[in-house]
Amino acid sequence: MSSSSSTSRPAASAPGTPAPPSRADPFGVDTVLGGIRALASIGPRDAASRASDRAAAYVAGRLRAAGYRVSLQTFAVPAGISWGVRVPAGTSVDVVADPPGFDPTKPHLVVGAHLDTVPQSPGAEDDASGLMVMAEVARMTRQQPGALPVRFVAFGAEEARGGNGTLYAFGSRHFVAGLGAPERRAVRGMVALDRVGVAAAAVPVCHVAGADSSLADAVRRAAAPVVPTRGCTNKASDHVSFVRAGIPAARLGSVPYAAYHSAGDVPSVVDRGQLTRSGAVLWAWIRSPR
């Protein structure tokens, strides 16, 4: 009698059974720090400068490499006074990264950070920290999408150019102005990452004073099991442009630090632990049920 042998193998999934969801590789803080060093090495990045364009190209490259469809939106910025220094008129860009098949009229989230700095600062914390945490979480989101698609935007010209600090956030205002009514209604929430790397006991999650705090509250609830946060009010970043348009928005970051808006805002200012915590807050919100 002949014998036969067989090789065991996993049972095939039943027809119609969805494949197990992919899981994102962990947050890479060393990748984030490398990006912060690369952006700070460009030097000060005034919104109308070639340095800002170089930063935009760098961030666009990171987002394309993560698998996003990237487009640039160009807009004009006025001459003015930025943190005591005269700056010229010119143009700046928003770098918009959409996942494949994205439909802006369907429910989605927006995450942003700003490209520019004041004229005297290399901007490691303000805001290379926000840009690179955003880029790393964008990479994770492509690997493991959340309940809603996410549009990631690097905004140009966030820093004030006069008006006693009121003429600012030009890029986010341009972006919001370009949204049609169905697209505005489709944005279920926006989070701006602005100065997210300075060490602190908790990650600030801010809403605009006098405005609805429900989005900031939702971010804090999502993060509560993993990262300590603290509530705050803030009206000095790109989330304000969305709030003014009736879109729920919040800001991550804003810990005070001595090198703010100075030549001392270099990579040694940022803390790897706080970068990781900030990324965890954003990731928890993106992953939270809707």
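Residues numbered from 1 in each chain as written. Predicted model: local features only at pLDDT ≥ 70, side-chain atom pairs only at ≥ 80, totals over all residues. Heavy atoms only, no water.

## Details of the overall build of the protein chain
- Counting secondary structure elements, the protein chain contains eight helices and 10 strands.
- Here the protein chain has a C-alpha radius of gyration of 20 Å; the compact-globule value for 290 residues is 19 Å, and the two agree.
- Over its C-alpha atoms, taken along the principal directions, the protein chain stretches across nearly 95 × 40 × 35 Å.
- Buried positions account for 53% of the 290 residues belonging to the protein chain.
- Taking as baseline every contact in the protein chain between residues at least 6 positions apart, the subset at least 24 positions apart corresponds to 81%.
- Counting only carbon and sulfur atoms, one obtains 55% of the accessible surface of the protein chain, whose full area is about 12,700 Å².
- Of the charged side chains in the protein chain, 30 are positive and 21 negative, and the gap between their average positions amounts to 5 Å. (Helix = DSSP H or I, 4+ residues; strand = E, 2+ residues; numbered from the N terminus. Rg over C-alpha atoms; globule rule 2.2 N^0.38 Å. Buried < 20%, exposed > 50% of the residue type's maximum accessible area, 1.4 Å probe, protein only. Contact = heavy atoms within 4.5 Å. Areas by Shrake-Rupley, 256 points an atom, 1.4 Å probe, with all protein chains shown as cover. Lys, Arg positive; Asp, Glu negative; His and termini not counted. Charge placed at Lys NZ, Arg CZ, Asp CG, Glu CD.)

## Thoughts on the environment of Val 198
- Counting through the fold element by element, Val 198 comes out in the loop between strand S7 (187–193) and strand S8 (203–207).
- On a C-alpha basis, the gap between Val 198 and Asp 126 in space is 10.0 Å, while along the polypeptide they are 72 residues apart.
- Setting aside residues up to four positions removed in sequence, Val 198 forms contacts with Glu 125, Val 255, Pro 256, Tyr 257, Val 269 and Gln 274.

## Some points on the pairing of strand S9 (residues 229–233)
- Sheet analysis places S8 next to S9, joined by five bridges and oriented parallel. When the sheet's bridge partners are listed, His 207 is paired in S9 with Thr 233.
- A crossover connection joins S8 to the parallel S9 through helix H6 (residues 214–223); in handedness this β-α-β unit is right-handed. (Pairing = 2+ DSSP bridges. Right-handed = clockwise from strand over helix to strand, strands pointing away.)

## Quick look at the side chain of Glu 183
- Following the sequence through the fold, Glu 183 ends up in helix H5 (residues 181–186).
- One buried charged residue, Glu 183, remains without a salt bridge, the closest side chain of opposite sign being Arg 151 at 5.3 Å.
- Not counting residues within four places of it along the chain, the set of residues in contact with Glu 183 comprises Pro 104, Thr 105, His 108 and Gly 178. (Salt bridge = Lys/Arg side-chain N within 4 Å of Asp/Glu carboxyl O.)

## Some remarks on H6
- Those residues of H6 not exposed but buried are Leu 215, Ala 216, Val 219, Ala 222 and Ala 223. Seen end-on, H6 carries its buried residues on one side only, within an arc spanning 125°.
- Taken together, the buried residues of H6 touch S7, S8, S9, strand S10 (249–252) and helix H8 (272–287). (Arc of directions from axis to C-beta.)

## Let's talk about helix H2 (residues 50–65)
- In a regular helix each residue adds 1.5 Å, so 16 residues correspond to 22 Å; H2 covers 23 Å between its end C-alpha atoms and thus fits that length.
- Elements in contact with the buried residues of H2: helix H1 (29–42), strand S1 (69–77), strand S4 (90–98), helix H3 (124–143) and strand S6 (150–155).
- Positive backbone phi, approximately 105°, marks Gly 67, located one or two places after H2. (Expected span 1.5 Å × (residues − 1).)

## So, the pairing of S7
- The element S7 is extensively covered by neighbouring structure, given that six of its seven residues are classed as buried.
- Where strand S5 (residues 108–114) lies against S7, five bridges are found, and the strand directions are parallel. Residue pairing across strands places Leu 109 opposite Gly 189, the latter belonging to S7.
- Bridge count between S7 and S10: four bridges; the pairing is parallel. Note on S10: the bridge partner recorded for Ala 192 is Arg 251.

Just geometry here; none of it tells us what the structure is for.
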